[in-house]
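Chain by chain, the residues run as shown.
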Amino acid sequence: MAEKRLENIMDVCGLIAKILLESGAETTRVESTIAFIGKAAGVELNCHATMTAIFISTESGATTHLVKPNVSAFNLQKVDEINSLSRQFSAHEIDFDELERSVQAIDHQVIDFTWLQKIIGAGLVSVTPMLLFKASWSDLALAFLVGIVGYLASQWGSKHSKSPYLSVIVGSLVIGLLANLLQYVGIADSAANIIIGSLMPLVPGVPLTNSLREIIDRDILSGLVRGIDAIMIAGSIGIGTIVGSFMAHILTGGI
Amino acid sequence: MELAVQFIVSFLSTIGFGIITNVPRRVLFLAGVTGACGWTVYLLTAQVTSNIILQNFLGALTIGLLANIVAVRIKAPVNMLYVPGLVSLVPGIVIYTSLKEFTLGNYINAGRNLIRTLVIAFAIDIGFAIAESIFRRVRYRIMHRS
């Protein structure tokens, strides 16, 4: 009976760790959450999380649980919900069965913004304050639109391909192509400014900063994994934009 | 006037990134204010010095302090606030430029921008680490005032 319950706790903890890491929590947060929940459930749990594997094991016994996360985009709503669940569980406001049920519910479905809201969000990110008073106002308006198209293209790409870098290549290719065509037609003043703005939703600035943060915290392994991933994404964006600009040049007759 | 426009645009930009990363709705507005304050500090510093380390350091310090205070008040994890809040400061475009130059074969520009990226990211991270340790000292007082 006791064995059965322990396995159950480990399973739920594994799922919690997986959701947290996949939705963009830091590895230290994952490890401390698991330790907290273990303590509240009456088991001393040890957790080691990296970007490619999470190990959970009991302090005394021989039971170990291994989870392979598949890190994708940020989904901070999930992190917040798991966080408040673990707070409630530690304060003994909910029992273990309730926790298990809620965690499984979060794994399946979580509140998300509608597509329209996300599209407007991508557009707003594209009007980056970096460009204010440097680019013309019409270019900023175009960056809003091109950014939306690029974001949609990358989402379309991620639906149709399992390769993680292909979606950003698709998105940045569309952005490079559109910006240069707009400049050729004469609507836009500067293709370079539009490209910079529209790339903002795709560019891996936050993951890069997070990776250095983990390295500073001496989580060197997962920091390096995140950092290399960010560099690969930036490289894919660079390639996509250049190919897009090149296609625009060919389409408009020049080389 | 210019500063007010910058504040509003960076507020909207932060909220936009918050929507893409699916930040909980109760945090969205506060995250926007945090990000906009950080960007304003960055701009104000830019008028005094052209040192990118100092600008990014002070911007990140502001965001770090505000994010930690807000996070304790509304009982949410800190990264809800700083992931969208940092979007205007973070060197995303610089690393893109670096790798674009790399693809085009301009290795000197590529290397220069890569080092610039690392310098900015380090400045932001150190600003954050310092904000967190300052906050840990005053945390008790803030929690018991509410």
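Residues numbered from 1 in each chain as written. Chains lettered and ligands numbered in written order. Predicted model: local features only at pLDDT ≥ 70, side-chain atom pairs only at ≥ 80, totals over all residues.

1. Notes on the overall build of chain A
Argument step 1. A tally of regular secondary structure across chain A gives ten helices and three strands.
Argument step 2. The order of α-helices and β-strands along chain A, N terminus first, is α-α-β-β-β-α-α-α-α-α-α-α-α.
Argument step 3. For chain A, the C-alpha atoms occupy an extent of roughly 75 × 35 × 30 Å along the three principal directions.
Argument step 4. Residues classed as buried in chain A amount to 47% of the 255 residues present.
Argument step 5. A sequence separation of at least 24 residues applies to 64% of the contacts in chain A between residues at least 6 apart. (Helix = DSSP H or I, 4+ residues; strand = E, 2+ residues; numbered from the N terminus. Buried ≥ 20, exposed ≤ 12 C-beta atoms within 10 Å, placed from the backbone. Contact = placed C-beta atoms within 7 Å.)

2. Some words on the overall build of chain B
Argument step 1. Scanning chain B from terminus to terminus reveals six helices and zero strands.
Argument step 2. Reading the helices (α) and strands (β) of chain B from amino to carboxyl end gives α-α-α-α-α-α.
Argument step 3. The globule rule puts the C-alpha radius of gyration for 146 residues at 15 Å, and the 16 Å found for chain B is close to it.
Argument step 4. For chain B, the spread of C-alpha atoms along the three principal axes comes to 55 × 30 × 30 Å.
Argument step 5. Within chain B, the proportion of its 146 residues that are buried is 53%.
Argument step 6. A sequence separation of at least 24 residues applies to 67% of the contacts in chain B between residues at least 6 apart. (Rg over C-alpha atoms; globule rule 2.2 N^0.38 Å.)

3. Thoughts on the interface of chain A and chain B
Argument step 1. With 46 residues of chain A in contact, the opposing surface of chain B contributes 41 residues.
Argument step 2. Of the residues contributing to the side of chain A that touches chain B, the split by class is 27 nonpolar, 13 polar and six charged. (Nonpolar A, V, L, I, M, F, W, Y, C, P; charged D, E, K, R; others polar.)

4. Examining helix H2 (residues 25–48) of chain B
All names here are of chain B.
Argument step 1. A rise of 1.5 Å per residue sets the reference length of H2, with its 24 residues, at 34 Å; its end C-alpha atoms lie 36 Å apart and thus fit the reference within 8%.
Argument step 2. Every buried residue of H2 is accounted for by Val27, Leu30, Ala31, Gly32, Thr34, Gly35, Ala36, Cys37, Gly38, Trp39, Thr40 and Tyr42.
Argument step 3. Buried residues in H2 make contact with helix H1 (2–20), helix H3 (52–74) and helix H4 (79–85). (Expected span 1.5 Å × (residues − 1).)

5. Focus: the pairing of strand E3 (residues 64–67) of chain A
All names here are of chain A.
Argument step 1. Judged from the four bridges that link them, strand E2 (residues 54–58) and E3 form a sheet pairing that is antiparallel. Along E3, the bridge assignment pairs Ile56 with His65.
Argument step 2. Here E2 folds back onto E3 in antiparallel fashion, the turn holding five residues. (Pairing = 2+ DSSP bridges.)

6. Looking at the domain arrangement of chain A
Residue and element names in this part refer to chain A.
Argument step 1. Its domain assignment divides chain A into domain 1 (2–108) and domain 2 (115–251).
Argument step 2. The distance between the C-alpha centroids of domain 1 and domain 2 comes to 34 Å.
Argument step 3. Each partner contributes to the interface: domain 1 provides six residues, whereas domain 2 provides eight residues.
Argument step 4. Looking at the side of domain 1 that touches domain 2 residue by residue, the classes come out as one nonpolar, four polar and one charged. (Domains from an automatic or database assignment.)

7. Comments concerning the nonpolar core
Residues and elements named next belong to chain A.
Argument step 1. If you look at the biggest cluster of nonpolar residues, it comprises 110 residues, and the most contacted ones within it are Ala17 and Leu199.
Argument step 2. Split by domain, this core shows at least three residues from each of two domains, domain 1 (2–108) and domain 2 (115–251).
Argument step 3. Filtering out sequence-adjacent residues up to four positions away, Ala17 remains in contact with Val30, Ile34, Cys47, Ala49, Ile54, Ile56 and Val67. (Core = buried A, V, L, I, M, F, W, Y, C linked by C-beta atoms within 7 Å.)

8. Some points on the packing of H2 of chain B against H3 of chain B
Residue and element names in this part refer to chain B.
Argument step 1. Between H2 and H3, whose axes approach to 8 Å, the crossing angle comes to 155°. One element, H2, and the other, H3, form an angle in the roughly antiparallel class. The handedness of the crossing between H2 and H3 comes out as right-handed. Facing Arg26, Val27, Leu30, Thr34, Gly35, Cys37, Gly38, Trp39, Val41, Tyr42, Thr45 and Ala46 of H2, the residues of H3 in contact are Leu54, Gln55, Asn56, Leu58, Gly59, Ala60, Thr62, Ile63, Leu66, Ala67, Val70 and Ile74.
Argument step 2. Its residues assigned to classes, the contact of H2 with H3 shows 15 nonpolar, eight polar and one charged. (Axes fitted to C-alpha atoms, helices over the stretch in contact; angles between N-to-C directions. Parallel < 35°, antiparallel > 145°, perpendicular 65-115°, else oblique. Left-handed = near helix turned anticlockwise from the far one by under 90°.)

9. A look at the environment of Phe135 of chain B
Argument step 1. Looking at the secondary structure, you find Phe135 of chain B in helix H6 (residues 107–145).
Argument step 2. For the pair Phe135 of chain B and Thr45 of chain B, spaced 90 residues apart in sequence, the C-alpha separation works out to 22 Å.

10. Details of helix H10 (residues 220–251) of chain A
Argument step 1. Compared with the 46 Å implied by 1.5 Å per residue over 32 residues, the 46 Å span of H10 of chain A between its first and last C-alpha is a close match.
Argument step 2. In the stretch just after H10 of chain A, Gly253 of chain A is the one whose phi turns positive, near 100°.

11. A closer look at the packing of helix H5 (residues 115–126) of chain A against helix H6 (residues 137–160) of chain A
Residue and element names in this part refer to chain A.
Argument step 1. Interhelical geometry of H5 versus H6 gives an angle of 125° and a closest axis separation of 7 Å. Taken together, H5 and H6 sit at an angle that is classed as oblique. Read as a crossing pair, H5 and H6 show a hand that is right-handed. Each of Ile119, Ala122, Gly123, Val125 and Ser126 in H5 lies in contact with H6, whose residues at this interface are Ala143, Phe144, Gly147, Ile148, Tyr151 and Leu152.

12. Here we look at the confidence of the model for chain A
Reading predicted coordinates in detail is not appropriate for stretches of low pLDDT.
Argument step 1. Residues of chain A with pLDDT of at least 70 account for 98%, and the chain-wide mean is 85.
Argument step 2. At the level of individual helices and strands, chain A shows its lowest average pLDDT in helix H1 (residues 2–22) of chain A, which scores 82, and its highest in helix H7 (residues 166–185) of chain A, which scores 91. (pLDDT = per-residue confidence, 0-100.)

13. Some thoughts on the sheet that holds E3 of chain A
Residues and elements named next belong to chain A.
Argument step 1. Strand order in the open sheet formed by three strands is E1-E2-E3, and the pairing between neighbours is antiparallel. Single-partner strands in this sheet number two, and they are strand E1 (45–49) and E3. Across the sheet, the mean angle separating the axes of adjacent strands is 15° when strand polarity is ignored.
Argument step 2. Here five bridges tie E1 to E2, and the two strands are oriented antiparallel to one another. By the bridge assignment, Cys47 is partnered in E2 with Ile56.

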